[in-house]
Amino acid sequence: MWGNRRALTQVIFDSLIRASELTLLAVGLTMVYGVLRFPNFSHVEFAPLGAFLALYGASELGMPLLVACIPAIIITGFIGVGCDRAVFARLRDRSPIMLMIAAFALGIVIRELLRAWWGPSPYFYDIGLQRPMQLLGANVTQVQIGIIATAALCMLGFHILLNGTKLGVAMRATADNVDLAEASGINTERVIRRVWFIGSGFAALGGILLGLDTQIQPNMGFGIIIPVFCAAILGGIGHPHGAMFGALILGFAENIGLAIDWQPVLALVGIETGPYAFIPTGYKAAIPFTLLILVLLMRPQGLVGSRAR
Amino acid sequence: MIDFLVYLGTMVGIWGILSLSLNIQYGLTGLVNLGHVAFFMLGAYASTILVEIFGLPIPVGFLAGIGAAALFGMFMALPTASLQQDYWGISTLAMAEIVRLVFLNQTLGSPYVGASFGVGGIDRPLRSWFETPDAYGWFYLGLVVTLLVLVMLLCWWLRKLPFGRALMALREGDAVPLALGKNVRTLRIKAMGIGGAVGGLAGALFAHYNAYIAPNYFLPLETFLVWAMVILGGAGNIWGALFGTVIIQTIYNSTRFIDDYLPIEDTLLGSLRMVFIGVMIILVIIYLPNGLFPERRPRYGSRPPADG
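Conventions and cut-offs
Residues numbered from 1 in each chain as written. Chains lettered and ligands numbered in written order. Predicted model: local features only at pLDDT ≥ 70, side-chain atom pairs only at ≥ 80, totals over all residues. Heavy atoms only, no water. Helix = DSSP H or I, 4+ residues; strand = E, 2+ residues; numbered from the N terminus. Rg over C-alpha atoms; globule rule 2.2 N^0.38 Å. Buried < 20%, exposed > 50% of the residue type's maximum accessible area, 1.4 Å probe, protein only. Areas by Shrake-Rupley, 256 points an atom, 1.4 Å probe, with all protein chains shown as cover. Expected span 1.5 Å × (residues − 1). Contact = heavy atoms within 4.5 Å. 1 Å grid on protein atoms, 1.4 Å probe; cavity = no way out; pocket = protein on both sides within 12 Å on 5 of 7 lines; lining within 4 Å. Points joined across faces, edges and corners; volume = space filled by probe spheres on them. Nonpolar A, V, L, I, M, F, W, Y, C, P; charged D, E, K, R; others polar. Salt bridge = Lys/Arg side-chain N within 4 Å of Asp/Glu carboxyl O. Buried area = accessible area lost by both parts, 1.4 Å probe. Disulfide = S-S within 2.5 Å. Axes fitted to C-alpha atoms, helices over the stretch in contact; angles between N-to-C directions. Parallel < 35°, antiparallel > 145°, perpendicular 65-115°, else oblique. Core = buried A, V, L, I, M, F, W, Y, C linked by side-chain atoms within 4.5 Å. Polar contact = N/O pair within 3.5 Å; in protein donor to acceptor, adjacent residues only side chain to side chain. pLDDT = per-residue confidence, 0-100. Left-handed = near helix turned anticlockwise from the far one by under 90°.

Visitor: What's the story with the overall build of chain A in this structure? I'm lost.
Guide: When helices and strands are tallied, chain A shows twelve helices and two strands. In sequence order, chain A lays out its α and β elements as α-α-α-α-β-β-α-α-α-α-α-α-α-α. In terms of C-alpha radius of gyration, chain A reaches 20 Å, essentially the compact-globule figure of 19 Å for 309 residues. The principal-axis extents of the C-alpha atoms in chain A amount to approximately 65 × 50 × 35 Å. Going through the 309 residues of chain A one by one, you find that 53% of them count as buried. Within the structure as shown, chain A displays about 13,000 Å² of accessible surface, and the carbon and sulfur contribution to it stands at 65%.

Here it is, written out as structure tokens:
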């Protein structure tokens, strides 16, 4: 059933890289969604914002890229908090519909400001040409291993934060039930600010990793909005661990979906094809879209969640 | 100058029809459709394919565009029964993108038609009857305005019908229509179908006016523009939606003008106008949640006693 296009280990590595980029975005999205109860379409825009800030630090201010990432992530975190204060804090009591449209508008504002500043053409981090090395039969670059390691470390750190600190407990409590958290003496507005800071910062890091792997351009955030939402919804909204799991599933679904020869499956349902039946690469983006709709239809509460939506 | 105004008027008319169709779905029924551009796209592509590839007459293309968009609208409405509004909104965004992906990957007829190349040289209705492009521009403006007025009458009539009142009740929540024995699922499917049909009409009008369509005309950004028009004007209000269309389209197209007078690059100006529209919509949502022209809601029951 495996196609001869890519080795199995290659598929696994590609899936892990994809999952690493998605998980950093999905975790922040699911926290904000869980706490504020609206789909924040502007969340993905923090990815190009962070990527461009890091690029600015590295290319204009002459910092090493690793150093430039730190202010980029922190600034993006504060911009996220600022966006919440400026826009969403004023709309706390409104219907989620209005928040959704406002988020869409805010996302466009951020994206178009970036485009106005940097122009539409793509940029690359100056990391030189990466020579892929052979690892278990797959071609992987050092940067790609770094991407997987960074994401894994972040998720481990976030897990410790969620389960081992007071802030983490407060965050989970607020995501679960804002009123109950407030009644238990949690300052929910402060928790919301921290959630925005962490979420936007993670998104910025996700953008930097995505930029390292591919290219940096204003559309890079909106381009992956559906996979990110899909990962968050797969894991159940408000559950960061679920979002990590969702990102993994999505990374594998995209890459395995393309690597599989669907001919035996199609023959089973009676559709005659040629000797091979691969999903055309142009339709790769359709995999998360379809998955999202299927998940929404069958398990809108997420794969692991139980709360009815 | 005059031909620019004719062009702007035609675009306002086409987008006015599109925003009225969102008004039926969101303003009247409260459906948060974030894939609205799919109707526009299906109307444009269905009509183009039938007319250009299969050589059918243009009116048939228009009808097919309307029909395809209506069917897709009804299809989009199917999951509403089991989904919360925000979840459904995300799913509509994904559905519209799937449609765009299909057109982006699918060539039509020959290798360089369709897909990312788009389709060019689309027939314009009754073009041979007019000698100059100017005269034809006026004719098409007239056609668009006539159809716009018809759509406005349809919207106005919908509000008067028991069906329209049921839709408005649905907007405020499922409880009341359910208590009255209405099938909320069917109501939503019908509302999406009617709104889709109107959106498909706008798409067909656009394709045969612009004479060229490509998948990148139908990005989620266009959906946002339609939303901006409805939110700015006032959801549920026919005149509000039209007023919002005039404002947004004028801003959107005015860049053709401004770059004659200001030394700003085209791409920069293109970004800045979207920033402007985005900031405006955020301000409208914060400070004028009902838009510039709030919907006038009929009051029933006894009037409060008049003074004196």
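Visitor: Please clarify how helix α5 (residues 142-164) of chain A should be interpreted in this entry.
Guide: The α-helix winds at 3.6 residues per turn, so residues separated by three or four positions along the chain end up facing the same way. All names here are of chain A. Taking 1.5 Å as the rise per residue, α5 with 23 residues should run 33 Å; its terminal C-alpha atoms sit 32 Å apart, in good agreement. Where α5 is concerned, the buried positions are V143, Q144, I147, I148, A151, C154, M155, F158 and L162. Tucked into the core, α5 has its buried residues touching α1 (8-36), β2 (138-140), α6 (166-176), α8 (188-213) and α10 (240-259).

Visitor: Which parts of the structure should I look at to understand empty space enclosed by the protein?
Guide: Residue and element names in this part refer to chain B. Following the criterion strictly, the structure yields three cavities of 30 Å³ or more and no others. The calculated volume of the largest cavity comes to roughly 70 Å³. As for the largest cavity, its lining consists of L20, N23, I24, L28, C155, L158, R159, G236 and I238. Top contributing element to the lining of the largest cavity by residue count: helix α1 (residues 2-28), with four residues. Looking at side-chain class alone, the lining of the largest cavity contains six nonpolar, two polar and one charged residues.

Visitor: I'm lost on the pattern of salt bridges in this one. Help?
Guide: Oppositely charged side chains can pair when the atoms bearing their charge come close. The full count for this structure, using the stated rule, is ten salt bridges over all chains. With a closest N to O distance of 2.7 Å, R188(B) and D174(B) form a salt bridge. Note that R188(B) is positioned in helix α8 (residues 184-210) and D174(B) in the loop between α6 (162-171) and α7 (175-179), a separation of 14 residues in sequence. The class for R188(B) is buried, based on a relative accessible area of 13%. Given a relative accessible area of 30%, D174(B) falls into the partly exposed group. Among the charged side chains, a salt-bridge network with shared partners connects D84(A), R85(A), R92(A) and E189(A).

Visitor: I would appreciate a short explanation of the interface of chain B and chain A in the present structure.
Guide: A common way to state how big an interface is: give the accessible area lost once the parts meet. In this complex, chain B contributes 42 residues to the contact, which on the side of chain A involves 40 residues. Counting each side, the surface lost to burial between chain B and chain A is near 3,700 Å², with a carbon and sulfur contribution of 80%. Looking only at chain B, the three residues that lose the most surface to chain A are Y87(B), I90(B) and I285(B), adding up to 18% of its buried area. Elements supplying a minimum of two residues to the side of chain B that touches chain A: α4 (85-105), α9 (220-233) and α11 (266-287) of chain B.

Visitor: Explain the state of the cysteines to me, please; I cannot follow it from the model alone.
Guide: Per the stated rule, a full pass over the model turns up zero disulfides over all chains. Cysteine C154(A) shares no disulfide, and the gap to the nearest cysteine sulfur, in C69(A), comes to 11 Å.

Visitor: When you look at the layout of surface pockets in this model, what are you seeing that I'm missing?
Guide: One water molecule sets the probe size; rolling that probe over the atoms shows where empty space is left. In this model, the second largest pocket occupies a volume close to 760 Å³. The wall of the second largest pocket is formed by 30 residues, among which S95(A), I97(A), Y26(B), G30(B) and R171(B) lie closest to the centre. When residues of the lining of the second largest pocket are assigned to their parent elements, the largest contribution, three residues, is made by helix α4 (residues 96-118) of chain A. Looking at side-chain class alone, the lining of the second largest pocket contains 13 nonpolar, ten polar and seven charged residues.

Visitor: Looking at this model, I keep getting lost on the side chain of Q249(B). Mind explaining?
Guide: The residue Q249(B) is located in helix α10 (residues 238-261) in this model. What makes Q249(B) buried here is its relative accessible area of 2%.

Visitor: So what exactly am I meant to see when it comes to α8(A) here?
Guide: Here α8(A) contains 26 residues, and its C-alpha end-to-end distance of 37 Å stays within 8% of the 38 Å for a straight helix at 1.5 Å per residue. Among the 26 residues in α8(A), 19 count as buried, and that is most of the element.

Visitor: Quick question: what am I supposed to make of the environment of Y26(B) here?
Guide: Relative to the assigned elements, Y26(B) resides in helix α1. The buried category is assigned to Y26(B), whose relative accessible area is 10%. Sequence separation of Y26(B) and M192(B) is 166 residues, and the distance between their C-alpha atoms is 9.5 Å. When sequence neighbours within four positions are dropped, the list of residues in contact with Y26(B) reads I97(A), M98(A), L31(B), R171(B), W227(B), V230(B) and A235(B).

Visitor: I keep staring at the packing of α6(A) against α8(A) and nothing clicks. Help me out?
Guide: Between two packed helices, both the angle of their axes relative to each other and the distance between the axes serve to describe the pair. All names here are of chain A. Two numbers describe how α6 lies on α8: the axes approach to 10 Å, and their chain directions differ by 100°. Regarding the angle of α6 to α8, the classification is roughly perpendicular. From α6, L167, A170, M171 and T174 reach across to α8, where they touch T188, V191, R194, V195 and I198. Among the residues making up the contact of α6 with α8, the classes are represented as six nonpolar, two polar and one charged.

Visitor: Explanation requested: the nonpolar core in the structure shown.
Guide: One recurring pattern in soluble globular proteins is that nonpolar side chains are buried together. Grouped together as the largest cluster of nonpolar side chains are 190 residues, with contacts concentrated most on F41(A) and I277(B). The element best represented in this core is α4(A), accounting for 14 residues. Those residues in contact with I277(B) that sit more than four places away from it in its chain are F224(B), L225(B), A228(B), I248(B), I251(B) and Y252(B). The next biggest cluster of nonpolar side chains, apart from the first, holds five residues, and it includes F13(A), A138(A), V140(A) and I148(A).

Visitor: Mind showing me how you'd approach the side chain of T174(A) here?
Guide: Residue and element names in this part refer to chain A. Mapped onto the elements, T174 comes out in helix α6. Residue classification places T174 among the buried residues on the basis of a relative accessible area of 0%. In this structure the side chain of T174 is engaged in a polar contact, spanning 2.6 Å, whose partner is the backbone oxygen of A170. Here T174 is in contact with V35, A181, I186, T188 and V191, once residues within four sequence places are set aside.

Visitor: What exactly am I supposed to notice about the confidence of the model for chain B here?
Guide: Detail in the predicted coordinates should be disregarded across regions flagged by low pLDDT. On average, residues of chain B carry a pLDDT of 88, and 95% of them reach 70 or more. In the model output, the complex is listed with pTM 0.90 alongside ipTM 0.88.

Visitor: Just checking my understanding: could you explain the packing of α1(B) against helix α5 (residues 133-160) of chain B for this structure?
Guide: Residues and elements named next belong to chain B. Running from amino to carboxyl end, α1 crosses α5 at an angle of 20°, the nearest separation of the two axes being 9 Å. In terms of axis orientation, α1 runs roughly parallel to α5. Remark: the crossing between α1 and α5 carries left-handed chirality. Split into classes, the residues belonging to the contact of α1 with α5 amount to 17 nonpolar, five polar and three charged.

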